[in-house]
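# Examining the three-dimensional arrangement
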Amino acid sequence: MCQILAAELTNRIPVVYWGMESLYSESISTNAFELFFEPVSNISVHDIVRPESTFYPPVWNSKNILAEDTDRFKMEGRDLKSLMRSDANIVVSDIYYPLSSILQFANRSHWSFGKTPYQVYRQLYDKYLIPKPIVKREIKKYINTHPNFRMKNRYLGCTAVQTPL
């Protein structure tokens, strides 16, 4: 969600791609995020990667964007300020930046300006984290077959249950 907010704040179209390094990946051609959630935009990673594209951080290019990050331990060229100011066609947010750091780039015209972290996360989750119908059915099935399950607790995988299914 933080990286999606960064995309919004830089007037970019967010694209979520859980590739080969994801625990849920099936293959290089599968976006594991979309096994569980609806796409966050009408654009896929395959739509935007072109040989003429420019990338930030510079470790990425059109040939390796779907592969494992071999430079992940160096972390060169991955500071948040440079990411937010990059004029590259494709900006890869491949590390975690805390919400508080990203919110520093929000200006008065953006909906997140002046909001609490809870309000920002709630709006981002409501807008972008839409479970696939099969996931919603599995959540309902679990709740109906586990009578001791209580929504009093917070569960990352079950936040969708808080809204009508």
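Rules used in this analysis
Residues numbered from 1 in each chain as written. Predicted model: local features only at pLDDT ≥ 70, side-chain atom pairs only at ≥ 80, totals over all residues. Heavy atoms only, no water. Phe/Tyr/Trp six-rings, centres within 6.5 Å; stacked < 30°, edge-to-face > 60°. Helix = DSSP H or I, 4+ residues; strand = E, 2+ residues; numbered from the N terminus. Salt bridge = Lys/Arg side-chain N within 4 Å of Asp/Glu carboxyl O. Buried < 20%, exposed > 50% of the residue type's maximum accessible area, 1.4 Å probe, protein only.

### Section: the packing of aromatic side chains
Taken as a whole and assessed by the stated rule, the structure comprises six aromatic pairs. Ring centres of Y24 and F36 lie 5.2 Å apart, and the angle between their planes is 75°; on these two criteria the pair is classed as edge-to-face. With Y24 in the loop between α1 (2-9) and α2 (33-36) and F36 in helix α2, the pair connects residues that are 12 residues apart, well separated along the chain. Members of the aromatic cluster, each reached through a chain of ring pairs, are W18, Y24, F33, F36 and F37.

### A look at unusual backbone geometry
Residue Y56 is joined to P57 through a cis peptide bond whose omega torsion reads -5°. You can see P57 is positioned in the loop between β1 (55-56) and α4 (80-85). In this structure, N11 is a non-glycine residue whose phi angle is positive, near 55°.

### What about the pattern of salt bridges?
Once their charged atoms are close, side chains differing in charge can pair, the charge on each being opposite to the other. What the rule picks out here adds up to four salt bridges. When the shortest N-O distance is used, the salt bridge between K127 and E8 registers 3.5 Å. With K127 in helix α6 (residues 117-128) and E8 in helix α1, the pair connects residues that are 119 residues apart, well separated along the chain. E8 sits in the buried class, given a relative accessible area of 12%.

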